[in-house]
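Tertiary structure, described
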Amino acid sequence: METSTLKIAVLAGDGIGPEVMAEAGKVLQAVAAQDGFTLDLKEGLVGGIAIDQAGKALPAETLRLCEESEAILFGSVGGPKWEALPAQEQPERGALLPLRKHFHLYANLRPAVCYAELVSASPLRPDLVAGGFEILCIRELTGGLYFGQPRYTRQENGELVAVDTMVYHESEIRRIAELAFRIARRRGKGLVSVDKANVLDNSLLWRKVVREVGQQHFPEVELKHLLVDNAAMQFIRYPRSFDVVVTENLFGDILSDELAMMTGSIGMLPSASLGAQREAGRQFGLFEPSGGSAPDIAGKGVANPIAQILSGAMMLRHGFGLDSSAAKIEQAVRKAIRDGLRTGDIWSEGTARVSTREMGDAIVRNLGA
Ligand code: IPM
Ligand code: MG
């Protein structure tokens, strides 16, 4: 892409968010300087810190900043301090879900990468993960039980009744299926669609639409359907036989945590939540680590910044079509791992324990190396 200024809303949030975000900012600016584009990183308040300083988890000013930006680089939100608040006001439900809905971020990409050098961090038996694995979980993010109406808790016949509703429109399934097929076609290893078609009407529709999209537009991509309970089992039994997995919102929430844990290093995993395409190669999105705010280690300078840094890489690739700059960051991260640098979460005997900042600095040095 020609030199241009990319406007990014940077929402570091709570816990380890600010410290890992500082490293991501450094890496992104270094890549921008090398590759001839300009990043305008503007910070906004979100989460618990926003509750403390501006009265709510997603202040209007932050939303405006996001609207005026071309991408959101998100840290993490939440912590014990805000857990006593009503659910709707807490950082997660008060900021993250509204952001997803407001910007129609319907596609959540969660790559679960188990690096060959880190297979010993995986809780799975070594022979199952030998050589590492790479599974991309694509989760529908704005439909299903998270947002369906009606939704309430009320008294009925002398007891409380809670209702959540699972709703999927054909168009919602179609657009996530198309995206999943496009990505699967590029990677060339097929697509697994996960549902509960033996029980749910939602899943019958899901399966029908996914099958149609495949037959009509992606006949060359091998498509398999798995029931969600079976998928949960197959992942841990045959991790290396999966590549791209697509599923609805709640199943994706659960399975993506399973996949993340299987890699053994949640501090390494980025994610992208994407909305509609604005122009060829450019998509508005929110890019954030898969892990949380880790309040227990916040402020100590020991958190792993790699998930945040790789979220920046996903932003360059999916948000702006800057594939080679993204790949450069990913290679710099791999080199740091190959060189034996480890933050506490992935440290093992015989490797060098480094701080958040030292890891960030090493990755900057590795850029283009
Ligand atoms: C996630 C999280 C969120 C979700 C929570 C914090 C609302 O678990 O991004 O996976 O359930 O989507
Ligand atoms: Mg989750």
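As the structure is a computational prediction, the values presented were derived from the model and not from experiment. (Residues numbered from 1 in each chain as written. Chains lettered and ligands numbered in written order. Predicted model: local features only at pLDDT ≥ 70, side-chain atom pairs only at ≥ 80, totals over all residues. Heavy atoms only, no water.)

Relative to the helices and strands, N249 resides in helix α9 (residues 249–263). Leaving out residues up to four positions away in the same chain, N249 has contacts with R139, E140, L141, T142, G143, Y146, F147 and Y168. (Helix = DSSP H or I, 4+ residues; strand = E, 2+ residues; numbered from the N terminus. Contact = heavy atoms within 4.5 Å.)

Relative to the elements of secondary structure, S311 occurs in helix α10 (residues 306–320). With residues up to four places along the chain from it excluded, the contact list for S311 reads L73, P270, S271, F287, E288 and P289.

In the vicinity of ligand 1, the contacting residues are E92, R100, R110, R139, Y146 and D253. Between D253 and ligand 1, the recorded distance is 2.9 Å, taken from a side-chain N or O atom to an oxygen atom. (Near = heavy atom within 4 Å. Polar contact = N/O pair within 3.5 Å; in protein donor to acceptor, adjacent residues only side chain to side chain.)

Time to look at the sheet that holds strand β5 (residues 133–140). The sheet built from 10 strands is open, its strands ordered β2-β1-β3-β12-β11-β4-β5-β10-β8-β9 with mixed pairing. Lying at the two open borders of the sheet, with one neighbouring strand each, are β2 (38–43) and β9 (223–227). Direction aside, neighbouring strands of the sheet carry axes that sit 25 degrees apart on average. Relative to strand β10 (residues 244–247), β5 is paired through 4 bridges, and the arrangement is parallel. (Pairing = 2+ DSSP bridges. Axes fitted to C-alpha atoms, helices over the stretch in contact; angles between N-to-C directions.)

Further remarks concern the domain arrangement of the chain. Under the domain assignment used here, the chain contains domain 1 (1–108 + 266–369) and domain 2 (123–263). Centre-to-centre, using C-alpha coordinates, domain 1 lies 24 Å away from domain 2. The interface of domain 1 with domain 2 comprises 15 residues on the first partner and 16 residues on the second. Between domain 1 and domain 2, roughly 1400 Å² of surface is buried when both sides are summed, and carbon and sulfur atoms account for 62% of that area. Of all residues in domain 1, K101, Y106 and N108 give up the largest surface area on contact with domain 2, accounting jointly for 45% of the area buried on that side. Between the two partners, domain 1 and domain 2, sit 0 salt bridges. (Domains from an automatic or database assignment. Buried area = accessible area lost by both parts, 1.4 Å probe. Salt bridge = Lys/Arg side-chain N within 4 Å of Asp/Glu carboxyl O.)

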